[in-house]
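One letter stands for each residue in the lines below.
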Amino acid sequence: MLITIIGRGHSGTRSISHTLSASGVYMGEPLNESGDLLPPQDMYEACNEFAQYVTYEGNMKWDFSRVLAMEPTERFKSLINSYLRTVLESKAEVKGWKIPETTLCYPWIVKMFPDAYYIQWVRDPRDCIINGHITDDLVRFKIRDKNSGNIRYDRAVSWKYQREIVRAQPTPKHSISIRFEDMVFSQDETLRRLEEYLGIPMAKIEMRPGSVGRYKTDDGEHMFDFFAEDMREFGYEFE
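Given the structure is predicted, the values throughout are model-derived calculations rather than measurements. (Residues numbered from 1 in each chain as written. Predicted model: local features only at pLDDT ≥ 70, side-chain atom pairs only at ≥ 80, totals over all residues. Heavy atoms only, no water.)

Enquirer: Please clarify how the environment of Thr135 should be interpreted in this entry.
Expert: Its place among the elements puts Thr135 in the loop between α7 (125-128) and α8 (151-168). Taking the relative accessible area as the measure of exposure, Thr135 reaches 0% and is therefore buried. Sequence separation of Thr135 and Asp154 is 19 residues, and the distance between their C-alpha atoms is 9.8 Å. In contact with Thr135, not counting residues within four places along its chain, are Gly9, Glu101, Leu104, Phe141, Ser158 and Gln162. One polar contact links Thr135 to His133, side chain to side chain, over a distance of 2.8 Å. (Helix = DSSP H or I, 4+ residues; strand = E, 2+ residues; numbered from the N terminus. Buried < 20%, exposed > 50% of the residue type's maximum accessible area, 1.4 Å probe, protein only. Contact = heavy atoms within 4.5 Å. Polar contact = N/O pair within 3.5 Å; in protein donor to acceptor, adjacent residues only side chain to side chain.)

Enquirer: I would appreciate a short explanation of the sheet that holds strand β1 (residues 2-6) in the present structure.
Expert: On the basis of which strands lie adjacent, the open sheet formed by four strands has the order β4-β1-β5-β6 and parallel pairing. Two strands bound the open sheet, and with one partner strand each, they are β4 (95-97) and β6 (174-179). Along the sheet, successive strands turn relative to each other by an average axial angle of 20°, direction set aside. (Pairing = 2+ DSSP bridges. Axes fitted to C-alpha atoms, helices over the stretch in contact; angles between N-to-C directions.)

Enquirer: Explanation requested: the environment of Asp36 in the structure shown.
Expert: For Asp36, the position within the fold is in the loop between α1 (13-22) and α2 (41-51). Of the residues examined, Asp36 reaches a relative accessible area of 10% and is grouped as buried. Counting along the chain gives 62 residues from Asp36 to Lys98, while the straight-line C-alpha distance between them is 5.2 Å. In this view, Asp36 contacts Pro30, Leu31, Lys98, Ile99 and Pro100; residues no more than four positions away in its chain are not counted. Within the local environment of Asp36, its side chain forms a polar contact with the side chain of Lys98, the two groups lying 2.6 Å apart.

Enquirer: Explain the pairing of strand β2 (residues 55-58) to me, please; I cannot follow it from the model alone.
Expert: Across a regular strand the side chains alternate sides, sitting on one face of the sheet and then on the other. The sheet contact formed by β2 and strand β3 (residues 61-63) spans three bridges and is antiparallel. Bridging across to β3, Gly58 finds its partner in Lys61. Hairpin geometry of β2 and β3 is characterised by an intervening segment of two residues between the two adjacent antiparallel strands and by a positive phi of about 55° at Asn59.

Enquirer: Explanation requested: the side chain of Ser17 in the structure shown.
Expert: Positionally, Ser17 belongs in helix α1. With relative accessibility at 0%, the residue Ser17 sits in the buried group. Discounting chain neighbours no more than four positions away, the residues touching Ser17 are Met27, Ser34, Gly35 and Lys98.

Enquirer: It is not clear to me how helix α10 (residues 187-198) should be interpreted in this structure. Could you clarify?
Expert: Every α-helix carries 3.6 residues per turn, so stepping three or four residues along brings you back to the same face. In a regular helix each residue adds 1.5 Å, so twelve residues correspond to 16 Å; α10 covers 16 Å between its end C-alpha atoms and thus fits that length. Buried-residue contacts for α10 involve β1, α1, β5 (117-122), β6 and α9 (180-185). The first or second residue beyond α10 is Gly199, which carries a positive phi of 75°. (Expected span 1.5 Å × (residues − 1).)

Enquirer: Is there a simple way to think about the packing of α2 against helix α4 (residues 74-83) in this case?
Expert: Helix-helix packing is described using two parameters, namely the angle between the two axes and the distance between the axes. Their axes nearest at 8 Å, the elements α2 and α4 cross at an angle of 160°. In terms of orientation, α2 lies roughly antiparallel with respect to α4. Note that α2 runs across α4; the crossing there is left-handed. Here Asp42, Met43, Glu45, Ala46, Glu49 and Phe50 of α2 lie close against α4, whose contacting residues are Arg75, Phe76, Leu79, Ile80, Ser82 and Tyr83. (Parallel < 35°, antiparallel > 145°, perpendicular 65-115°, else oblique. Left-handed = near helix turned anticlockwise from the far one by under 90°.)

Enquirer: Quick question: what am I supposed to make of the nonpolar core here?
Expert: Considering soluble globular proteins, one finds that nonpolar side chains tend to be buried as a cluster. One finds Phe76, Ile80, Trp97, Phe113 and Tyr161 to be the most contacted residues of the largest nonpolar core, which totals 50 residues. If you list the elements that add at least two residues to this core, you get β1, α2, α4, α6 (106-112), β5 and α8. (Core = buried A, V, L, I, M, F, W, Y, C linked by side-chain atoms within 4.5 Å.)

Enquirer: Help me understand the environment of Arg167, please; the structure alone is not making it clear to me.
Expert: For Arg167, the position within the fold is in helix α8. Every residue in contact with Arg167, bar those within four places of it in the chain, is listed here: Lys160, Glu229, Asp230 and Glu233. One polar contact links Arg167 to Glu164, side chain to side chain, over a distance of 3.3 Å. A polar atom in the side chain of Arg167 sits 3.4 Å from the side chain of Glu233.

Encoded structure:
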């Protein structure tokens, strides 16, 4: 069984990576403190290869028709296989990986690994964009020609872009959606869902309630109109 997590940076994906590791899932090596598989350079280059076939139409709209219709390029497959070498060569019965950049090339990951088990990880975007992540810079990943100069806005656009990638991709054979907030406040129930989905016992790790709702004491801009549709979809309350 192969498992991966689809979720933006600073969405709390380290908690599910650590949970999987504690549950006996081999997550590759070496890992950093966030549970990301290292080194990341081949994954970064794979994301850049993927982005060549995505067109930004403006106004928070991207055309994913080419990446959805075509097979991954040979260069993309070579880069992903190189990045995942320790995972793919492992003889572990249950194995996987986590790094937020996987979301930036999600449709081609599904094409390469159609039988993998995908964990769609979601967090309130108002908390997601308080802290920075490398994927905030969509210019770095060849998705935009330039950034706005407003750091919070650029983080928000990155959040929206990654949501649109997931929305565009037809649901894989194996897929489950988990909210970070449910992992924090309803961990037992969430772990039962994961056990049923993956068919393996899930270990319980320490979760920090203070990591939820940080935006409430944040002085910066953290709410944007284009969050609204997705927030309603995932059950996040806002005025």
